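Spelled out from the first residue to the last, the chains are:
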Amino acid sequence: MPDLPELRVGDCVRVLGGEGPNMLVDEVIRHPVDGQVVRCLWVDEQGLVHFTDHRADNLELAGVRTKLSAIDVNTDRTRSFNGATAQCDHAHPLTILVVEDNEDGANCMATLLRLYGHRVQVAPNGRSALELAAETPPDVALLDIGLPDLNGWEIARWLNEQAGSHKKLPFLIAITGYTSELDRQRSRKAGIGLHLNKPVDPAELVAVLERFRQVIAPTPQGDCG
Amino acid sequence: MNDACLNDHRDTIIRGICDCACVLGNTLEVIRRGNPPEGALRLAMRQREALIRLAESLQSLSIGRSA
């Protein structure tokens, strides 16, 4: 058996051996006796549920299976949601597209993310989001859902379709006041990796972005304070 | 106004409150980082005023529902 990484909900995983996207773990189940991770679950850009069972034979949940040993996991325990990661103004900033029609909301989100060292573009509607993404494919897109023209789900589908030509699959995060289970399902179907309800804790968002950045461009230990 | 309209109106107000709370949270984090851009405080004040207006709308909606 491989050594299991210490998985927890919110960890960023990447399927190895392919052009797998980066996804956040949605669920972690531990063995009731020894507490070791026996199973984890995440949803990919197609809305398919990946399900891993380490001890037993792999079980199938939605037709997609991946061995736990075949994923790359960033689980730096020194990083947490308390804002500590925020001190890291890294040499590998993410290119982030903020799609938000609330001008104050978009501007302050952009200001916040730039303070943390990221490159940020702002789109106040769906059309300009598509134009900006075509010019500069983002690493991450933060999508409001309720927009004046296209909605966030339509933008997500378009971004995922375009990803093939850019060979760069963006990590899509919905930040929205649409909070029902049906809305979450729509996000999954549209290929959105993480659905966050407004108001989002900025420290939590920054930590998620940092974990994602660590997966696509790992920082040597000690580089971040 | 029928129930469906009231519910829609209420949902819109709640989403507005969530928007304001989100902006406030981000603005406070920017201020906390110690290098707030000019206008951060004005932005926070605008959100406070918007929250008050939304709360008033929600109150009048409740009054309308109970009337």
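Because the structure is a prediction, the values reported are computed rather than measured.

Enquirer: Which parts of the structure should I look at to understand unusual backbone geometry?
Expert: Excluding glycine, most residues fall at negative phi; most peptide bonds, likewise, are trans. Cis rather than trans, the peptide bond between Lys198(A) and Pro199(A) has omega equal to -5°. Tracing the backbone shows Pro199(A) in the loop between β11 (194-197) and α5 (202-216).

Enquirer: Quick question: what am I supposed to make of the interface of chain A and chain B here?
Expert: A common way to state how big an interface is: give the accessible area lost once the parts meet. Facing the 20 residues of chain A at the interface are 18 residues of chain B. Here chain A packs against chain B, burying approximately 1,600 Å² in sum over the two surfaces, 59% of which is carbon and sulfur. In terms of surface lost to chain B, no three residues of chain A exceed Asp104(A), Cys108(A) and Leu115(A), which account for 31% of the buried area on that side. On the surface where chain A and chain B come into contact, there are two salt bridges.

Enquirer: Looking at this model, I keep getting lost on the pairing of strand β8 (residues 119-123) of chain A. Mind explaining?
Expert: Along any regular strand the residues' side chains alternate between the sheet's two faces. All names here are of chain A. Sheet topology note: the strand β7 (residues 95-99)/β8 ladder contains five bridges and is parallel. In the sheet register, Thr95 faces β8, and the bridge partner there is Arg119. A crossover links β7 with its parallel partner β8, the connecting element being helix α1 (residues 103-115), and its sense is right-handed.

Enquirer: Explain the pattern of salt bridges here, please?
Expert: A side chain with one charge may pair with a side chain of the opposite charge, provided their charged atoms come close. Per the stated rule, a full pass over the model turns up eight salt bridges over all chains. Linking Lys198(A) and Glu100(A) is a salt bridge whose minimum nitrogen-to-oxygen distance equals 2.9 Å. Taken together, the positions of Lys198(A) in the loop between β11 and α5 and Glu100(A) in the loop between β7 and α1 put the pair 98 residues apart, joining distant regions of the chain. When its relative accessible area of 6% is taken as the criterion, Lys198(A) is described as buried. Each of Glu100(A), Asp144(A), Lys198(A) and Asp19(B) takes part in one network of salt bridges that share partners.

Criteria and thresholds
Residues numbered from 1 in each chain as written. Chains lettered and ligands numbered in written order. Predicted model: local features only at pLDDT ≥ 70, side-chain atom pairs only at ≥ 80, totals over all residues. Heavy atoms only, no water. Helix = DSSP H or I, 4+ residues; strand = E, 2+ residues; numbered from the N terminus. Contact = heavy atoms within 4.5 Å. Buried area = accessible area lost by both parts, 1.4 Å probe. Salt bridge = Lys/Arg side-chain N within 4 Å of Asp/Glu carboxyl O. Pairing = 2+ DSSP bridges. Right-handed = clockwise from strand over helix to strand, strands pointing away. Buried < 20%, exposed > 50% of the residue type's maximum accessible area, 1.4 Å probe, protein only.

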